[in-house]
Amino acid sequence: MDFKIDPELCVACLACVRVCPSDAVAVEDQKVWIVDEACMRVGLCLPACPHEAIIAVGDATRALEFALGHKAVLILSVESAAWFYPATPEQVVNACYAAGFNTVHRGVLGDELVAKEYLDLWTEEEWGRGGTVIRSTCPVIVETIKSQYPELIPYLAPVSTPIEAEARYLKALYGEDTPIVYTGVCLTKGGDDVDAAITLAELEGIFKKRGIRVQDQPLFYSRIPEERRRYWSTAGGLPLELLKEERQSSRRFRKVRGLSALEGIARAVGVDRIDLGFVDILPCEGCLDHPLLGPKEELFRRRAIVGATEPPRATAPVLVDGIDIQVGAAFEIHANGKQPAQELVDEIIDQIGLAPNGRTWDSGACGYETCQEFAVAAAQGRTTLKSCPRYLERQASLAQQQAAVDALTGLASFRVLRDRLANEVARCHRSGDRFAVLFLDLDNFKQVNDLFGHEAGNAVLRETARRCNAHIRLTDVAGRYGGDEFVVVLVGTGEEGARGVAEKVRAAVEEAGVGMGYPAGLVTASIGVAEYRPEKTDEDVLVAADRALYRAKAAGRNRVGVATGGDGEEQEKAP
């Protein structure tokens, strides 16, 4: 059985990611899918999805083929009584026969086989008297331990799951070539002897395809029913005698529910070296609490329905004499090589960045509880950094910073200059203060590029930017206007002060050219100076500075031109 995500219904809300205990949900942009090899079929994602986009898919086609062959044996789980209610168990079994199944067993013989094996192990010397034994009748627990807690594998009780045990038993009873179909909720693995596993919803679908209405079936068995009484077991294969002998508060017997408890068990056994005795652990409150059966708030209703169908206990063993099968199981320990390289995980965390407290954000907005878990999933290719809001915020911030800074010179970009000029104009109108603008242009920059190459020209631009920054205050701003043109905004500075700064910058650029080894007079700058006055509201200070710049160039270059706002004339000052 597999869990699938319907892309038409999925909106990538990441609810399934948050509840998946095996990190089996992959996310890329708006596409979400389940990684089959990582999925343990716990089913928590199904009720967690608010859009009903997750569906459970079994071997319905094969099961239907087996039914049409009239030779298949169906293992019908006891939970079917709650699923098909108000139809009676007799009607459900009759519908299975009408669909074509040759024999119907209702999932008790597997419990009996497993309970018998547990009792045999329990009576052995030292087994159950000390150490730690983890009850392994739930396939979800077994798969979780094998994939996430391999250190607990030696503590798994060497017993097959009830589904596996019953399938082996039925093969031995009816012949090895008999197809075995299981329908229920514990569909993680039924072993090699289960030929098809389907959900109860898919069994209902088979009934519809065959034109069978369960409610129309007789209220009595149309065929002699197969044995389903219990002698040794309770639901799930736990021995009744063990429950009577050991109270749940006993140190030899511990009842634990929830996959999250495995972490504590691993710590207790592997690190603290504590003997836990017999640990009965299930991912939920039994199969009746499985997500495939419905919401949790209906658990007690389902228990009442199934409890009412429970037959009286047998006074003698119900297994057929002469059927000898192995119910034991062996669990191999494999080195956990699924984790990605730590260097790759650290690189992803570096791209996300740290919170102001110096730790990872761990906001959970990506669907994972911690950034470490997200980084591991991203390194495994099950998600991307596009699913991390903190990473996207950081990228947006970096993009904003990059847009504000000229990449070559490190000065402010044209957009920042434009905004700063608008802010200064508004501030001067509020306060009555003034500010000045320098418009700088390198005189022979094309010759530098033509004679020495563009890389040399870039070096000249970077050095010019450094010299501009060196002669202004922190409150001022210098920016690259475009090409070899620069603009400097001098806050709270009048015409005379701006002219002094411009002379220093001009001399520094000329000095830089000589210092870089260029011929004298090749690397020079012409600068236009303009002062903004609040009373001159129709004046564009940048245009005035540009006009003063070109007057300085026309007067011979390598000089400062000043736009006098009083009479409209411009003055040039040679070096």
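Preceding this paragraph is the structure being described.
Residues numbered from 1 in each chain as written. Predicted model: local features only at pLDDT ≥ 70, side-chain atom pairs only at ≥ 80, totals over all residues. Heavy atoms only, no water.

Asks: Sorry, what's going on with the overall build of the protein here?
Replies: A tally of helices and strands in the protein yields 20 helices and 17 strands. Taken against the 2.2 N^0.38 rule, which gives 25 Å for 575 residues, the C-alpha radius of gyration of the protein at 40 Å runs more than 25% over that of a compact globule. The C-alpha extent of the protein, read off along each of the three principal axes, is 120 × 55 × 50 Å. When each of the 575 residues of the protein is scored for burial, the buried share is 51%. The contacts in the protein between residues at least 6 apart in sequence include a share of 71% that link residues at least 24 apart. Element-wise, carbon and sulfur atoms account for 51% of the exposed surface of the protein, whose accessible area totals about 27700 Å². The averaged location of the 84 negative side-chain charges in the protein is 3 Å from the averaged location of its 65 positive side-chain charges. (Helix = DSSP H or I, 4+ residues; strand = E, 2+ residues; numbered from the N terminus. Rg over C-alpha atoms; globule rule 2.2 N^0.38 Å. Buried < 20%, exposed > 50% of the residue type's maximum accessible area, 1.4 Å probe, protein only. Contact = heavy atoms within 4.5 Å. Areas by Shrake-Rupley, 256 points an atom, 1.4 Å probe, with all protein chains shown as cover. Lys, Arg positive; Asp, Glu negative; His and termini not counted. Charge placed at Lys NZ, Arg CZ, Asp CG, Glu CD.)

Asks: Please explain the sheet that holds strand β5 (residues 73–76) as it appears in this structure.
Replies: Two pairing modes exist for strands in a sheet, parallel and antiparallel, and in both the strands are linked by backbone hydrogen bonds. With parallel pairing, the four strands of this open sheet are ordered in space as β6-β5-β8-β9. Every interior strand has two partners, whereas the edge strands, β6 (103–105) and β9 (196–198), have only one. This sheet shows a mean twist of 20° between the axes of neighbouring strands, independent of strand direction. Bridge count between strand β8 (residues 180–183) and β9: three bridges; the pairing is parallel. When the sheet's bridge partners are listed, Y182 is paired in β9 with A197. (Pairing = 2+ DSSP bridges. Axes fitted to C-alpha atoms, helices over the stretch in contact; angles between N-to-C directions.)

Asks: Just to check I follow, could you spell out unusual backbone geometry for this structure?
Replies: The general pattern is negative phi for most residues beyond glycine and trans for most peptide bonds. Here Y85 and P86 are connected by a cis peptide whose omega angle stands at 15°. Take P86: it is sitting in the loop between α4 (80–83) and α5 (89–99). Although it is not a glycine, A12 sits at a positive phi angle of roughly 60°. By the secondary structure assignment, A12 is in the loop between β1 (2–5) and α1 (15–19). Backbone geometry at R273 places phi at a positive 55°, although glycine is not the residue there. For R273, a relative accessible area of 63% corresponds to the exposed category.

Asks: Explain the side chain of S77 to me, please; I cannot follow it from the model alone.
Replies: Turning to its location among the elements, S77 is positioned in the loop between β5 and α4. Overall, S77 belongs to the buried group, its relative accessible area being 4%. Here the side chain of S77 touches E79 through a polar contact of 3.1 Å, side chain to side chain. (Polar contact = N/O pair within 3.5 Å; in protein donor to acceptor, adjacent residues only side chain to side chain.)

Asks: Mind showing me how you'd approach the packing of helix α18 (residues 454–470) against helix α19 (residues 495–515) here?
Replies: Helix-helix packing is characterised by the crossing angle of the two axes and by the distance between the axes. Taken N-terminus to C-terminus, the directions of α18 and α19 make an angle of 145°; their axes are 9 Å apart at the nearest point. Pair α18 / α19 crosses with right-handed handedness. Between α18 and α19, the contacting residues are E463, T464, R467 and C468 on the first element and V505, A508, V509, E511 and A512 on the second. Split by residue class, the contact of α18 with α19 holds five nonpolar, one polar and three charged. (Left-handed = near helix turned anticlockwise from the far one by under 90°. Nonpolar A, V, L, I, M, F, W, Y, C, P; charged D, E, K, R; others polar.)

Asks: Sorry if this is basic, but what is going on with the packing of aromatic side chains here?
Replies: Two measures describe an aromatic ring pair: the distance that separates the ring centres and the angle between the ring planes. Scanning the model with the defined rule gives eight aromatic pairs in all. Considering the side-chain rings of F84 and F207, the 5.9 Å spacing of their centres and the 45° angle between planes classify their relative orientation as tilted. With a gap of 123 residues between them, F84 in the loop between α4 and α5 and F207 in helix α9 (residues 200–209) connect regions that are remote in the sequence. The pair F84 / F207 is uniform in exposure class, with both members buried. Between Y368 and F374, the aromatic rings sit 5.9 Å apart at their centres with planes inclined by 70°, giving edge-to-face as the arrangement. Owing to a relative accessible area of 6%, Y368 belongs among the buried residues under this scheme. When the ring centre of F300 is taken as reference, the NZ or CZ atom of R303 above it lies at 5.3 Å. (Phe/Tyr/Trp six-rings, centres within 6.5 Å; stacked < 30°, edge-to-face > 60°. Lys NZ or Arg CZ within 6 Å of the ring centre and 35° of its normal.)

Asks: So what exactly am I meant to see when it comes to the pairing of strand β16 (residues 560–563) here?
Replies: Regular strands place side chains that alternate from one sheet face to the opposite one. Neither face of β16 is exposed, since V560 and V562 on one face and G561 and A563 on the opposite face are all buried. Pairing of strand β15 (residues 525–532) with β16, which is carried by four bridges, proceeds in the parallel orientation. If you follow V529 over to β16, its bridge partner there is V562.

Asks: I would appreciate a short explanation of a negative patch on the surface in the present structure.
Replies: A grouping of E343, D346, E347 and D350 is seen on the molecular surface, where their side chains present a negatively charged patch. Along the chain, E347 turns up in helix α13 (residues 342–352). (Patch = residues over 30% accessible without salt bridge, like charges linked within 9 Å, V, L, I, M, F, W, Y side chains within 5 Å. Salt bridge = Lys/Arg side-chain N within 4 Å of Asp/Glu carboxyl O.)

Asks: Sorry, what's going on with the environment of Q91 here?
Replies: Take Q91: it is sitting in helix α5. A distance of 3.0 Å separates a polar atom in the side chain of Q91 from the backbone oxygen of Q217.

Asks: What's the story with helix α20 (residues 541–554) in this structure? I'm lost.
Replies: For the α-helix, the turn length of 3.6 residues means that residues three or four positions removed from each other point alike. End to end, α20 covers 20 Å across 14 residues, agreeing with the expected 20 Å (1.5 Å per residue, within 8%). Considered for burial, the residues of α20 that qualify are V541, L542, A544, A545, A548, L549, A552 and K553. At the C-terminal side of α20, G556 shows a positive phi close to 130°. (Expected span 1.5 Å × (residues − 1).)

Asks: I tried to follow the pattern of salt bridges on my own but got confused; where do I start?
Replies: When the charged atoms of two side chains lie near each other, side chains of opposite charge can form a pair. Tallying each qualifying case throughout the model produces 31 salt bridges. We note a salt bridge from D272 to R267, for which the minimum N-O separation is 3.4 Å. Residue classification places D272 among the partly exposed positions, given a relative accessible area of 39%. Using a relative accessible area of 48% as the deciding quantity, one classes R267 as partly exposed. Linked by salt bridges that have partners in common, R420, E424, R427 and D433 make up one network.

Asks: Looking at this structure, I do not really get the nonpolar core. What am I missing?
Replies: In globular proteins that are soluble, nonpolar side chains generally tend to be buried together. In this structure, L76, F101, V181 and F207 are the most contacted members of the largest nonpolar core, which totals 102 residues. A per-element tally of this core places helix α6 (residues 109–123) first, with eight residues. Ranked by size, the runner-up nonpolar core spans 30 residues in total, among them L440, L490, V509 and I527. (Core = buried A, V, L, I, M, F, W, Y, C linked by side-chain atoms within 4.5 Å.)

Asks: I keep staring at the pairing of β5 and nothing clicks. Help me out?
Replies: Neither face of β5 is left uncovered, since the one carrying V73 and I75 and the one carrying L74 and L76 both have all their residues buried. Relative to β6, β5 runs parallel, the two being bridged by three bridges. Its bridge partner lying in β6, L74 is registered against V104. Where β5 meets β8, four bridges bridge the pair, whose relative direction is parallel. Across the sheet, residue L74 finds its bridge partner in β8, namely V181.

Asks: How should I be thinking about the packing of α13 against helix α14 (residues 371–379) in this particular structure?
Replies: Taken N-terminus to C-terminus, the directions of α13 and α14 make an angle of 120°; their axes are 9 Å apart at the nearest point. When the axes of α13 and α14 are compared, the pair comes out oblique. For the crossing formed where α13 meets α14, the hand is right-handed. Here α13 contributes Q342, L344, V345, I348, I349 and I352 to the contact with α14, which in turn contributes C371, Q372, F374, A375, V376, A378 and A379. (Parallel < 35°, antiparallel > 145°, perpendicular 65-115°, else oblique.)

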